[in-house]
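Chain and residue survey
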Amino acid sequence: MNNVSIALKRLLFSQKALYLSFAVSLFLGLGSVALFDLDEGAFTEATREMLDTGVYSATYLDGEPRYDKPIFFYWLQAASISTFGFNEWAFRLPSALMACLWALALLCFARQYIGRQRGLIAALFMVNSVWVALIARSAIADATLNLFLSLALFDIWRFFESQRKQHALRVYLWMSLAMLTKGPIGVVVPLLVSLIYLVTNRGERKQYQAYWYFPGWILFLAVLAPWLVAVYHEQGAGFFQGFIVEHNLKRFSATRESHGGSLFYYFGALPLILLPLSGLLFVAIANAKRLWRDKLNRFLLIWFAVVFVIFSFSKTQLPHYILNGCVPLFLLLARQTSLFRRNRWVMVFPLVLALLMVFLPQVLAIAAETTRGYDGANLARHETLFPPLYGAISIALLVAVLMLALVPHMRTWQRLVLSGLAINAFVFTQFVQVASEFQQRPVHEAIAALEARAQQTGETPQVVAWRMHMPSFSVYRKQITPLRAPQPGEIALVRVDRVKALQELLAQTLPAYRTHIIWHFGGLMLVQVDSIPTQQN
């Protein structure tokens, strides 16, 4: 046992630990489960339609213009699918690779400014954070955005320290790529963070002049302008109206896609986002006043606060929206002196998570008794959601985390990194199977039912989706699914809690046509409208 502990500690002091973390936290089982809706399905279906139509300047989702995001990540995903084929591994590979670059960028910056060992600790903290790993493994643009935002802010600090124009020029490059990935947030965060820092630090005049650095703005426009012209040519002014107004400004005035929250949403979400490092957060909060005295710490605190405040005032909120604000936290946590002590209490949070994983079958069984509607219908299958070895492996996880908490002579940061590695290995081989079975299995059963019906009848009627959007349905069928009510002869994919409303609507709009529920699994149903009026049957 002592020899194992020594070997683990030696491993953690080398960069091999980071490569191991990449392998486990970012790539283990990357393509083992189906795409999740809504976001993974939406990104991948838009990319599928891009490849299908040959239109690379703009995106469409189920045949309609998609104004949600700019173009860069779709290009990455299209290149991956074209190279490695139409599969989940290829869908998610660009995000995982961008996350590796994101971690390496953090490592380089941290080694330069907080030391070689603490720099490695910061990178290990980031990669083995459960939420970072989750986003890094998802077929969405967030890891790519966070890479470019982090590079911009790292080079802003380098510019403040060195006054070298090459650093300023790189900032404009990273901001342009961040904007090409996800829009105005790629410019707003770096400019706000740097401006607030200069004001609080009484920056010199030449530092402010970087905001009007002409070569930087030329580079910024050179990266963005070609795509802006191309998307305008393809979709006209509608893209700018839809993207800037609907999907950016209105996020702060209205809830979108049922992702609501409150002003205090991220106060509760932050400890969950930082798992298994949550205990260190409270230590950092207690030392906030002391941290502020150091210039680099002040810059990092401002960076975190800007991201935290911006999204706290947004009416549309999800945990990963503040993930870029966690980058400075990983650096701040890696600078804490308590990391080299042998604190065991910080293991409370990973232990609670491991316990939850052990008792998850019982938790879902209780939830199934009280939950109704779409989620209730899916939870009714709770006994079939878990892979065969889930119980044994979850107990093994709990034992491993408990041993890390109790083993003597192990430093705080080592306990946390190893527990994060163990939790991620479990989450992305076991828990993710449960989540996929719960949410995505009905989608794939619906596709199988449609294919079987087509073989039996020789007919392939139009399939639509009514008052729901699960874009992975279109991805795996490799067909566009219109979002509307069905017409005579068509089939509608509908949630169980909305099928009655659909039948009432069709009774009013198509009173001469009968409807039939032709398939039901979990929370989804397929409803077909007769192709011939009743009086002619």
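Residues numbered from 1 in each chain as written. Predicted model: local features only at pLDDT ≥ 70, side-chain atom pairs only at ≥ 80, totals over all residues. Heavy atoms only, no water.

Glancing now at the state of the cysteines. Put plainly, a disulfide is one covalent bond tying together the sulfur atoms of two cysteines. By the definition in use, this model includes 0 disulfides. Cysteine Cys100 shares no disulfide, and the gap to the nearest cysteine sulfur, in Cys108, comes to 13 Å. (Disulfide = S-S within 2.5 Å.)

Turning to unusual backbone geometry, a few remarks are in order. Most peptide bonds are trans, and most residues other than glycine sit at a negative phi. Cis rather than trans, the peptide bond between Asp37 and Leu38 has omega equal to 15°. Mapped onto the elements, Leu38 comes out in the loop between helix 2 (16–27) and helix 3 (39–53). Put simply, Leu275 and Pro276 share a cis peptide bond, and its omega is 5°. By the secondary structure assignment, Pro276 is in the loop between helix 14 (265–273) and helix 15 (278–286). Although it is not a glycine, Gln163 sits at a positive phi angle of roughly 65°. Mapped onto the elements of the fold, Gln163 is located in the loop between helix 8 (142–162) and helix 9 (165–182). (Helix = DSSP H or I, 4+ residues; strand = E, 2+ residues; numbered from the N terminus.)

Bringing the layout of surface pockets into the picture now. Approximately 310 Å³ is the volume found for the second largest pocket. Considering the residues around the second largest pocket, the lining is formed by 15 residues, among which Leu270, Leu281, Ile285, Phe304 and Leu329 are closest to the centre. Of all the secondary-structure elements, those providing two or more residues to the lining of the second largest pocket are helix 14, helix 15, helix 16 (288–292), helix 17 (295–312) and helix 18 (323–334). (1 Å grid on protein atoms, 1.4 Å probe; cavity = no way out; pocket = protein on both sides within 12 Å on 5 of 7 lines; lining within 4 Å. Points joined across faces, edges and corners; volume = space filled by probe spheres on them.)

This part covers the packing of aromatic side chains. Applying the stated criterion across every chain, the model contains 34 aromatic pairs. Plain terms: the ring middles of Tyr172 and Trp217 are 4.9 Å apart, the flat faces sit at 70° to each other, and that makes the pair edge-to-face. Taken as a pair, Tyr172 in helix 9 and Trp217 in helix 12 (residues 214–235) lie far apart in primary sequence, 45 residues in all. Judged by its relative accessible area of 4%, Tyr172 is buried. Its relative accessible area of 30% is what places Trp217 among the partly exposed residues. With a centroid separation of 6.5 Å and 20° between ring planes, the pair formed by Trp519 and Phe521 is classed as stacked. Using a relative accessible area of 21% as the deciding quantity, one classes Phe521 as partly exposed. Within the aromatic cluster, the residues linked to one another by ring pairs are Phe109, Tyr113, Phe154, Trp157, Phe159, Phe160, Tyr197, Phe299 and Trp303. One residue, Arg66, lies across the ring of Phe43, its end atom 5.2 Å from the ring centre. (Phe/Tyr/Trp six-rings, centres within 6.5 Å; stacked < 30°, edge-to-face > 60°. Buried < 20%, exposed > 50% of the residue type's maximum accessible area, 1.4 Å probe, protein only. Lys NZ or Arg CZ within 6 Å of the ring centre and 35° of its normal.)

Time to look at the pattern of salt bridges. Evaluated as defined, the whole model comprises 13 salt bridges. Ionic pairing is found between Arg48 and Glu45, a salt bridge with its closest N-O pair at 2.8 Å. Of this pair, Arg48 and Glu45 both sit in helix 3, 3 residues apart, which is roughly one turn of that helix. Accessibility expressed as a relative area gives 10% for Arg48, which makes it buried. (Salt bridge = Lys/Arg side-chain N within 4 Å of Asp/Glu carboxyl O.)

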